[in-house]
Amino acid sequence: SGSTVANIQQRRPYADYGSILNAYSDSNSSYHALQLSVERRASANLSFEANYTWSKSIDEASVDPTPGQGTSIVPYGRWANRAVSDFDTPHRFVASYVYALPRLSGANALLRNAIGGWESSGFLTAQSGMPFSVLSGTDRSFSGIGADYADVAGKPSLAGGRPKKDVLARYFNTAAFAPNALGTFGTSPRNVLRGPGYANLDLGVMKRFRIRERFVTQFRLETFNALNHPNFNNPFATVSTPSRFGKIESANSPRILQLALKFSF
């Protein structure tokens, strides 16, 4: 009783000091996964590899617990911070391929140079979204950390099938969260929600043109996020800023094209 933001310094164990960095190495984590892979080595000008991982990672802190870098929100009770890791990815699929067209050595020069010898490559990544916590935004626990969880006041999920603009404007049920009660750290668990999934396809084509025995020109066209698929970041999740709360405000890079020409001798 009697705890306030104003008397944090007086309530510190060593009142003559401000924040003190306490480094420890007694947290723990667990990771379990099923990993599947298939590979085709170069055959008939085609090679590919595909990998799928189904996993779960749990910890008490995913980064060094220093101020501003993942400080334990509930001090002296790390068990209360135990949840899925910040980087937990239940499903992840990665596939790549390389395909080379025949060189058409027996064809005429025009056909051989226009079509023959092109190489194509691709890299596909698809995975689950990353978890995130819902924060209160004010130091209502009077702990001096200023990163309290929010209180859960309802069901966080919203109905599926909503238009994209509605999802971006309100990714989760913001009415399900409220500022934590005074003197508490909030009832919302760490990493209680999960953000949008991620899917990306990179493609490339390449061809070598031999000018003379010692001179070779290589042309490359590379496309990153070839399908221009929007990969949105996690939403803003701090209750104390209602104008942004629940909104998705940023995304990963759109389609990027890159041309390259290399001369070797």
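This text goes with the structure placed above it.
Residues numbered from 1 in each chain as written. Predicted model: local features only at pLDDT ≥ 70, side-chain atom pairs only at ≥ 80, totals over all residues. Heavy atoms only, no water.

**Notes on the packing of aromatic side chains**
In this description, an aromatic ring pair is defined by two values, namely the gap between the centres and the angle between the planes. This is how the line gets drawn: Centre distance within 6.5 Å is the pairing criterion for rings of Phe, Tyr and Trp, where only the six-membered ring of Trp is used; planes under 30 degrees apart are then read as stacked, over 60 as edge-to-face, and the remainder as tilted. Segments assigned H or I by DSSP are reported as helices when at least four residues long, segments assigned E as strands when at least two residues long, and all are numbered from the N terminus. Note on exposure labels: buried denotes an accessible area under 20% of the residue type's maximum, exposed denotes more than 50%, and partly exposed covers the range between, all computed with a 1.4 Å probe on protein chains only.
What the rule picks out here adds up to five aromatic pairs. Centre to centre, the rings of Trp 118 and Phe 219 are 6.2 Å apart; their planes meet at 85 degrees, and the pair counts as edge-to-face. Of this pair, Trp 118 sits in the loop between helix H2 (109-114) and strand S5 (119-127) while Phe 219 sits in strand S11 (residues 216-224); the two residues are 101 residues apart in sequence, bridging distant segments of the chain. Taking relative accessible area as the criterion, Trp 118 reaches 22% and is therefore assigned partly exposed. Each ring, one from Phe 132 and one from Phe 172, has its centre 6.0 Å from the other, and the planes form 45 degrees; the classification is tilted. Taken as a pair, Phe 132 in strand S6 (residues 131-132) and Phe 172 in the loop between helix H3 (164-169) and strand S8 (177-178) lie far apart in primary sequence, 40 residues in all. Across this residue pair, the class does not change: Phe 132 and Phe 172 are buried. Here the aromatic cluster, defined as three or more aromatic residues joined through ring pairs, consists of Phe 132, Phe 172, Phe 177 and Phe 245.

**Considering the environment of Leu 124**
Applicable threshold: Residue contacts follow a heavy-atom distance rule, with two residues in contact if any of their heavy atoms lie within 4.5 Å.
Within the fold, Leu 124 resides in strand S5. Given the relative accessible area of 32%, Leu 124 is considered partly exposed. Distance from Leu 124 to Tyr 97, taken between C-alpha atoms, is 9.1 Å for residues 27 residues apart in sequence. The residues touching Leu 124, leaving out its near neighbours within four places in the chain, are Phe 93, Val 94, Ala 95, Asn 200 and Leu 201.

**Some thoughts on the pattern of salt bridges**
Stated formally: Every case where a carboxyl oxygen of Asp or Glu lies within 4 Å of a side-chain nitrogen of Lys or Arg is listed as a salt bridge.
According to the stated counting rule, one finds eight salt bridges in the structure shown. The salt bridge involving Arg 190 is made with Asp 86; its shortest N-O contact spans 3.2 Å. Taken as a pair, Arg 190 in the loop between S8 and strand S9 (193-194) and Asp 86 in the loop between strand S3 (83-84) and strand S4 (91-100) lie far apart in primary sequence, 104 residues in all. Between Glu 249 and Arg 244 there is a salt bridge, and its shortest N-O distance comes to 2.7 Å. Of the residues examined, Arg 244 reaches a relative accessible area of 33% and is grouped as partly exposed.

**Description of a nonpolar patch on the surface**
The criterion, for reference: Distance thresholds for patches are 9 Å for like charges and 5 Å for nonpolar side chains (Val, Leu, Ile, Met, Phe, Trp, Tyr), applied to residues having over 30% relative accessible area and no salt bridge. For every accessible area listed, the method is Shrake-Rupley and the probe measures 1.4 Å; residues are considered covered only by the protein chains on display.
A cluster of nonpolar side chains, Val 38, Phe 48, Tyr 97, Tyr 99, Leu 101, Leu 104, Leu 111, Ile 115 and Leu 203, forms an exposed patch at the surface whose accessible area comes to about 670 Å². With respect to the helices, strands and loops of the structure, Leu 101 is situated in the loop between S4 and H2.

**Digging into unusual backbone geometry**
Working note: non-glycine residues mostly have negative phi, and peptide bonds are mostly trans. In this structure, Phe 142 is a non-glycine residue whose phi angle is positive, near 60 degrees. You can call Phe 142 buried: its relative accessible area is 15%. Not every positive phi belongs to a glycine, and Asn 191 is a case in point at roughly 50 degrees. By secondary structure assignment, the location of Asn 191 is in the loop between S8 and S9.

**Examining the nonpolar core**
Threshold: Definition of nonpolar core: a set of buried residues of the types Ala, Val, Leu, Ile, Met, Phe, Trp, Tyr and Cys, connected through side-chain atoms within 4.5 Å.
Grouped together as the largest cluster of nonpolar side chains are ten residues: Phe 132, Val 134, Ala 150, Phe 172, Ala 176, Phe 177, Leu 193, Ala 237, Val 239 and Phe 245. If we skip the residues at most four places from it in the chain, Leu 193 touches Met 130, Pro 131, Phe 132, Val 134, Pro 156, Phe 172 and Phe 177.

**Details of the environment of Thr 217**
The topology assignment puts Thr 217 in strand S11. Residue Thr 217 is classed as buried on the basis of its relative accessible area of 14%. Between the alpha carbons of Thr 217 and Leu 261 there is a distance of 7.1 Å; along the sequence they are 44 residues apart. Those residues in contact with Thr 217 that lie beyond four places of it in its chain are Lys 207, Arg 208, Phe 209, Ile 211, Leu 261, Lys 262 and Phe 263.

**A word on the pairing of strand S1 (residues 29-43)**
For the record, the criterion: By definition, two strands form a pair when at least two bridges between them are found by DSSP.
Where S1 meets strand S2 (residues 46-59), 13 bridges bridge the pair, whose relative direction is antiparallel. Paired with Leu 34 across the strands is Trp 54, a residue of S2. Hairpin connection, S1 to S2: the antiparallel pair is bridged by two residues, and Ala 44 has positive phi, about 55 degrees.

Interpretation note: all reported values are geometric properties and have no functional meaning in isolation.
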